[in-house]
Amino acid sequence: MRGRGRGVTREIHPSRPPAELPDDPEEIVARILDAERRGELYPLYHRLRSLAPAHSTQVAGLPPGCWMLTRFRYVDRVARSPAAVNDPRTAEVFNHGGDGGAFYQLMRHAMLFLEKPDHDRVRRLVYKAFTPAAVAPVRALTEQVAHELLDAAQPNGEMDFVEQFSYPLPVRAIMRLLGLPYADQERIEEWAWDFSRAGDPMSATPEIVERGNAAARGFHDYFERVIEGRRSRPGEDLISALVTAEEDGGRLSREEAISTCVLLLQAGHETTSDLLGNALVGLFRHPSQLARLRDEPELLPPAVEELLRYDTSVQMSMRLIREDLRLDGVTLPAGSIAALVYGAANRDPEQFDRPDRLDLERRPTHLSLSAGSYFCLGNALARTEIQAGLRVLLDRVPSIRPARDTFVQRRTARLRGPQELMVRWDA
Ligand code: HEM
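What comes next is a walk through the structure.

What counts as what
- Residues numbered from 1 in each chain as written.
- Predicted model: local features only at pLDDT ≥ 70, side-chain atom pairs only at ≥ 80, totals over all residues.
- Helix = DSSP H or I, 4+ residues; strand = E, 2+ residues; numbered from the N terminus.
- Rg over C-alpha atoms; globule rule 2.2 N^0.38 Å.
- Buried ≥ 20, exposed ≤ 12 C-beta atoms within 10 Å, placed from the backbone.
- Contact = placed C-beta atoms within 7 Å.
- Core = buried A, V, L, I, M, F, W, Y, C linked by C-beta atoms within 7 Å.
- Near = placed C-beta within 6 Å.
- Pairing = 2+ DSSP bridges.
- Axes fitted to C-alpha atoms, helices over the stretch in contact; angles between N-to-C directions.

Once that is clear, we can look at the overall build of the protein. What the protein contains, in helices and strands, is 18 helices and 13 strands. Since a compact globule built from 427 residues should have a radius of gyration of about 22 Å, the 21 Å found for the protein is in line with a globular shape. Taken along its principal axes, the extent of the C-alpha atoms in the protein is 60 × 60 × 40 Å. A total of 427 residues make up the protein; the buried ones form 47% of that total. Across the protein, contacts joining residues at least 24 apart in sequence account for 71% of those joining residues at least 6 apart.

Shown next, in the form of structure tokens:
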């Protein structure tokens, strides 16, 4: 993986309590968005939630007046409300400099940003393609890829967990599910990396934006050709299922099919890769839980739910509020934008007992995969990939531990995950 950019150093086991936190909600929001000044994220969420659980902010990097929602029941309510939608206008944050570049064009055709009822139509068609037959191979595929990656790394007794395991694992698994050949792996991984960096508007420099546009053009032309081929000669893969899925005689248009392929690839890999990284950091911070998971693999399914809750990769999403929406004493007016801060909702003490504690037996109902009409379409895939990846990892390298006292955190705000996490194990 080429040049992942600058990150920030964080401690594996934070030894100091976080510094004095400000009383001004705006200052807290500014820190949440600023990776350099952020420090530990969750104390900031706790502070904001206790000061103003629905807070309208003017901090740069978010739409003006955007409502930061940090209380579980607020985020849950808005996520499930038909009056709160993902709208093409929420994709405007990707229209860097207003030039309508290739990256923005792909995003605005992606299901996530389509207006209703188009969103629901495309979602139903894509859902149809997620047939049990199309996704059944995912566990075996992920395990196979995990073994290949560890075969390459194991003799060294040390690796960068992100570069050598958690990043390539889901990309390769989703590529195989989509039926894309091994030979294309390198360029897909490069495009995927450039594309995802441009997807975090708060850290996008002009160079990142340009690379994101180049990646979007690369993806567009690539998938256009692949889709053409599958329409004439469908196979057993997910792209064939996508292009042949039908409802009331309707199918995905060419642009919808292309954007959906990119969305599946992107939504399907970076989120999972970041989650695996966060999970390992969380387990390193709770060694007794790591030991339990290693010794009791049957704990994996509930453990993955708790790891999703504890430190999720998709920290926030935006919704356009179409009709006035009341949350206790606060009204989110029609036309405003709300940020559903999933990461904060998942640590709300009103919802979870001792929310900062990782407890693999908790069996939480979390919001990491959202809720309502945008509930993550890839939830089953994500859960299976994380379970399979952790199972192979703990089986093959049970003595895995941090190789350093620190790791490098990505500088992103919406997505969260380590950029570099050096680990070692006994040979
Ligand atoms: C740990 C891994 C993952 C996490 C944390 C995650 C999280 C989410 C979240 C929070 C949303 C809602 C976005 C919003 O609120 O606007 C979402 C939507 C979506 N996810 Fe995931 N996701 C993960 C993995 C995957 C995978 C593996 C796939 C597919 C291959 C996938 C495909 C999608 C799609 C297509 C949507 C859009 C749904 C729609 O517009 O109706 N995700 N995901």
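Inspection of helix H1 (residues 25-33) places Ile-28, Val-29, Arg-31, Ile-32 and Leu-33 among the buried residues, and these make up the whole buried set. Elements in contact with the buried residues of H1: helix H2 (35-38), helix H3 (41-51) and strand S3 (67-69).

Below, the discussion takes up the environment of Ile-208. The residue Ile-208 is located in helix H12 (residues 206-232) in this model. Sequence spacing of Ile-208 and Arg-197 is 11 residues, and the spatial spacing of their C-alpha atoms is 6.6 Å. Ignoring anything within four residues of it in the chain, the contact list for Ile-208 reads Arg-197 and Ala-198.

By size, the foremost hydrophobic cluster in this structure holds 89 residues, and its most contacted members are Leu-178, Leu-242 and Cys-261. For this core, the element with the highest residue contribution is helix H14 (residues 254-285), accounting for 14 residues. Beyond its immediate chain neighbours, meaning those up to four positions away, Cys-261 contacts Leu-178, Phe-223 and Ile-239. Within the second largest apolar cluster, 38 residues are counted, among which are Leu-62, Val-78, Met-318 and Leu-367.

Once that is clear, we can look at unusual backbone geometry. Cis rather than trans, the peptide bond between Lys-116 and Pro-117 has omega equal to 10°. Position of Pro-117 among the secondary structure elements: in the loop between helix H5 (102-109) and helix H6 (118-129).

What follows deals with the site of the ligand. Around the ligand, a shell composed of 26 residues is seen, among which Gly-268, Thr-271, Ser-317, Cys-376 and Gly-378 lie nearest. Among the secondary structure elements, those contributing two or more residues to the shell around the ligand are H14 and helix H18 (379-396). With seven residues, H14 is the single largest residue contributor to the shell around the ligand.

Attention shifts here to the sheet that holds strand S12 (residues 418-420). With respect to topology, three strands assemble into an open sheet ordered S1-S11-S12, the strand pairing being antiparallel. Looking at the sheet topology across the chains shown, the edges are occupied by strand S1 (8-11) and S12. In this sheet, adjacent strand axes meet at a mean angle of 55° when their direction is disregarded. Pairing geometry for strand S11 (residues 406-409) and S12, over two bridges, is antiparallel. When the sheet's bridge partners are listed, Gln-409 is paired in S12 with Pro-418.

Taken in spatial order, the five strands make up an open sheet running S2-S3-S9-S6-S4, and their pairing is mixed. Looking along the sheet, the strands with just one partner apiece sit at the ends: strand S2 (54-56) and strand S4 (84-85). Across three bridges, S3 lies against strand S9 (residues 337-341) in parallel orientation. Along S9, the bridge assignment pairs Leu-69 with Leu-340.

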